[in-house]
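# Structural overview
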Amino acid sequence: MLPAYDDGMFLPPGDYLVTWPEVVARFSGNQKRQWFCERLKVFLDRAKRCGFLKVYLFGSFISANDDPGDVDLLWVYRQNLDIDTLSKECRELLVDYGGNKAREGWDLFCCSNDSVELFMDVWRVGRPPRGQRGVVVLDLSAL
């Protein structure tokens with residue numbers, strides 16, 4: 001269960017493992033957010049088909065901001081994944097940052113499950129003066 005925003009805008013520090021219905025209930029409060037959720041679900045289903053493990057959501061989408069700029073997310077794939085064995089669809093989702101940014105306007109990052117903490121440590125820190133903030137985690141096997 002997601003906690004209340006600790007400063008009226010961001011989740012308190014921590015990683016919050018949630019279900020898809022919890023994401024929709026919390027973050028689809030207006031037309032723009034509903035559209036983001038619809039697009040995000042397409043991406044999540046695609047990532048699950050590709051065998052990715054989790055997705056971390058962070059940034060303005062998981063804030064109380066009524067007008068988030070985009071969805072920032074991190075795909076987590078299994079350690080030692082051979083990218084060359086992935087389908088074109090999965091490779092694009094995983095490694096085509098520029099193409100995904102151009103198509104969706106979102107920041108889609110990726111890393112293996114053995115390096116997720118190093119990557120997320122950077123994103124858990126907000127711009128000054130906010131400091132640490134929470135992130136949302138979805139286990140794709142539970143979708």
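Attention in this report is confined to the structure presented alongside it. (Residues numbered from 1 in each chain as written. Predicted model: local features only at pLDDT ≥ 70, side-chain atom pairs only at ≥ 80, totals over all residues. Heavy atoms only, no water.)

## Quick look at the pattern of salt bridges
This is how it is decided: Salt bridges are defined as contacts in which a side-chain nitrogen from Lys or Arg sits within 4 Å of a carboxyl oxygen from Asp or Glu. Think of it this way: any DSSP run of H or I at least four residues long counts as a helix, any run of E at least two long counts as a strand, and we number them from the N terminus.
Within the structure shown, the criterion is met by 10 salt bridges. When the shortest N-O distance is used, the salt bridge between Glu-89 and Arg-46 registers 3.6 Å. Note that Glu-89 is positioned in helix H3 (residues 88–95) and Arg-46 in helix H2 (residues 31–49), a separation of 43 residues in sequence. Taken together, the shared-partner salt bridges connect Arg-46, Arg-49, Lys-88, Glu-89 and Glu-92 into one network.

## Structural notes on the packing of aromatic side chains
Aromatic ring pairs are defined here through the distance separating the ring centres and the angle between the ring planes. Cut-off, in case you're wondering: Between 30 and 60 degrees the pair is tilted, below 30 it is stacked and above 60 it is edge-to-face, where a pair is any two Phe, Tyr or Trp rings, Trp via its six-membered ring, whose centres lie within 6.5 Å. Throughout, exposure labels follow a simple rule: accessible area from a 1.4 Å probe, protein chains only, divided by the maximum for the residue type, with under 20% read as buried, over 50% as exposed, and the rest as partly exposed.
Scanning the model with the defined rule gives 8 aromatic pairs in all. Taking 5.7 Å as the distance between ring centres and 50 degrees as the angle between the ring planes, the aromatic pair formed by Trp-35 and Phe-36 counts as tilted. Judged by centre distance (6.1 Å) and plane angle (70 degrees), the rings of Phe-36 and Phe-61 are edge-to-face. Highlighted residues: Phe-36 in helix H2 and Phe-61 in the loop between strand S2 (54–58) and strand S3 (72–77), separated in sequence by 25 residues. Residue Phe-36 is classed as buried on the basis of its relative accessible area, which comes to 4%. Taken together, the aromatic side chains of Phe-27, Trp-35, Phe-36, Phe-43, Phe-61 and Trp-106 make up a single cluster linked through ring pairs.

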